[in-house]
Amino acid sequence: GDSVTQMEGPVTLSEEAFLTINCTYTATGYPSLFWYVQYPGEGLQLLLKATKADDKGSNKGFEATYRKETTSFHLEKGSVQVSDSAVYFCALSDRGGTASKLTFGTGTRLQVTL
Amino acid sequence: NAGVMQNPRHLVRRRGQEARLRCSPMKGHSHVYWYRQLPEEGLKFMVYLQKENIIDESGMPKERFSAEFPKEGPSILRIQQVVRGDSAAYFCASSPLQGADGYTFGSGTRLTVV
């Protein structure tokens, strides 16, 4: 079945440091890929998405590129802020955006300090 | 335009009691999804409903769990005879069309079974 593997956290960075959170996936067919962010006590918010190979999703300085050859969708940001502290989830939906079920990774907690 | 509304935010039940979790989708959204997040884990799909229909319940435990989305009113996730292992955060999402691209998540209900 489909699965998503994320690097384990927590990840602790100083403000303005470069961020990478690794995500790899296993899926049949051609899934859509997503990054969600969860702030303490809140639900998940869509951060960015990509629907086909070589697409790059971007939002709020975060980027991720859909790499079919390495089945990866790593999240990057050039300069993190304290306000980026949250839990980040990588996810996929099978059969592209027409499918309804999301498969999530276990989440990576990011802590940014001054 | 209010987002996805879940209530209650926190729910405490004793073992053997019933838990009822409510989800009001965004206005204009007719597709509802329920996910469960166990401590330190990612979200796991439970069930996908449209008005008066269960479309996919492949993630629902076979016993004690049920879900409905009536013609009028919120979607309800019902857990009978709760056990400690049911303690988790339960998230609802809604979308205007079928597909994970259009998900909006609620803030969740945190169920604690004592």
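For the structure, see preceding data.
What you see is a predicted model, and the numbers here were worked out from it, not measured in a lab.

*Asks:* Please clarify how the overall build of chain A should be interpreted in this entry.
*Replies:* On a plain count of helices and strands, chain A comes out with 0 helices and 12 strands. Ordered by position from the N terminus, the helices and strands of chain A form the series β-β-β-β-β-β-β-β-β-β-β-β. On C-alpha atoms alone, chain A measures out to a radius of gyration of 13 Å, which is about the 13 Å that the 2.2 N^0.38 rule sets for 114 residues. In terms of its C-alpha atoms, chain A occupies a principal-axis envelope of roughly 45 × 30 × 20 Å. Scored against the burial criterion, the 114 residues of chain A give a buried share of 46%. Put simply, 57% of the contacts in chain A that link residues at least 6 apart link residues at least 24 apart. Just so you have it, chain A exposes about 5400 Å², and 48% of that area is on carbon and sulfur atoms. One finds the centroid of the 10 positive side-chain charges in chain A at a distance of 7 Å from the centroid of its 12 negative side-chain charges.

*Asks:* I would appreciate a short explanation of the packing of aromatic side chains in the present structure.
*Replies:* Here a ring pair, both rings aromatic, is described through the centre-centre distance and the interplanar angle of the planes. In total, this model carries 14 aromatic pairs over all chains according to the counting rule given. Taking the centre distance of 5.5 Å and the plane angle of 85° together, the rings of A:Tyr36 and B:Phe105 count as edge-to-face. Residue A:Tyr36 is found in strand β5 (residues 32-38), and its partner B:Phe105 is found in strand β10 (residues 104-105); the two belong to separate chains. Each member of the pair, A:Tyr36 together with B:Phe105, is buried. Ring plane angle 40° and centroid distance 5.6 Å describe the contact between A:Phe62 and A:Tyr88, whose orientation is recorded as tilted. Of the two residues, A:Phe62 sits in strand β8 (residues 62-65) while A:Tyr88 sits in strand β10 (residues 86-93), which places them 26 residues apart along the sequence.

*Asks:* Would you mind going over the interface of chain A and chain B with me for this structure?
*Replies:* One frequent convention defines the size of an interface as the accessible area lost when the parts assemble. Across the boundary between the two partners, chain A contributes 21 residues, which contact 22 residues of chain B. Buried area between chain A and chain B, summed over both chains or domains, comes out near 1600 Å², and the portion from carbon and sulfur atoms is 50%. In this structure, the connection of chain A to chain B is made through 1 salt bridge. Across the pair A:Lys101 and B:Asp56 runs a salt bridge, and its minimum N-O distance is 3.5 Å. Of all elements in the fold, only β5, β6 (44-50), β10 and β11 (102-104) of chain A reach the threshold of two or more residues within the side of chain A that touches chain B. The element best represented in the side of chain A that touches chain B is β5(A), accounting for 4 residues.

*Asks:* How should the sheet that holds strand β9 (residues 75-77) of chain A be read in this particular structure?
*Replies:* Within a sheet, neighbouring strands are paired by backbone hydrogen bonds and run either parallel or antiparallel to one another. All names here are of chain A. Strand order in this open sheet of 4 strands is β3-β9-β8-β7, and the pairing throughout is antiparallel. If you trace the sheet from one side to the other, it starts and ends with β3 (19-21) and β7 (56-59), each paired once. Put simply, the sheet's adjacent strands are angled 15° from each other on average, direction ignored. One ladder, built from 3 bridges, connects β3 with β9; its direction is antiparallel. Bridge assignment links Ile21 to a residue of β9, and that residue is Leu75.

*Asks:* Looking at this model, I keep getting lost on the nonpolar core. Mind explaining?
*Replies:* Counting residues in each nonpolar core, the largest one holds 25 residues, and the members touching the most others are A:Leu19, A:Trp35, A:Leu48, A:Phe73, A:Leu75 and A:Tyr88. Going through the elements one at a time, β2 (11-14), β3, β4 (23-26), β5, β6, β8, β10 and β12 (108-113) of chain A are the ones with two or more residues in this core. Sorting elements by how many residues they give to this core places β10(A) first, with 4 residues. For A:Phe73, the residues in contact, after removing those within four places along its chain, are A:Cys23, A:Leu33, A:Phe34, A:Trp35, A:Leu48, A:Lys49, A:Ala50, A:Ala64, A:Thr65, A:Tyr66 and A:Cys90. Among the nonpolar cores identified, the runner-up in size contains 23 residues, and B:Leu11, B:Met26, B:Trp34 and B:Val47 belong to it.

About the cut-offs
Residues numbered from 1 in each chain as written. Chains lettered and ligands numbered in written order. Predicted model: local features only at pLDDT ≥ 70, side-chain atom pairs only at ≥ 80, totals over all residues. Heavy atoms only, no water. Helix = DSSP H or I, 4+ residues; strand = E, 2+ residues; numbered from the N terminus. Rg over C-alpha atoms; globule rule 2.2 N^0.38 Å. Buried < 20%, exposed > 50% of the residue type's maximum accessible area, 1.4 Å probe, protein only. Contact = heavy atoms within 4.5 Å. Areas by Shrake-Rupley, 256 points an atom, 1.4 Å probe, with all protein chains shown as cover. Lys, Arg positive; Asp, Glu negative; His and termini not counted. Charge placed at Lys NZ, Arg CZ, Asp CG, Glu CD. Phe/Tyr/Trp six-rings, centres within 6.5 Å; stacked < 30°, edge-to-face > 60°. Buried area = accessible area lost by both parts, 1.4 Å probe. Salt bridge = Lys/Arg side-chain N within 4 Å of Asp/Glu carboxyl O. Pairing = 2+ DSSP bridges. Axes fitted to C-alpha atoms, helices over the stretch in contact; angles between N-to-C directions. Core = buried A, V, L, I, M, F, W, Y, C linked by side-chain atoms within 4.5 Å.

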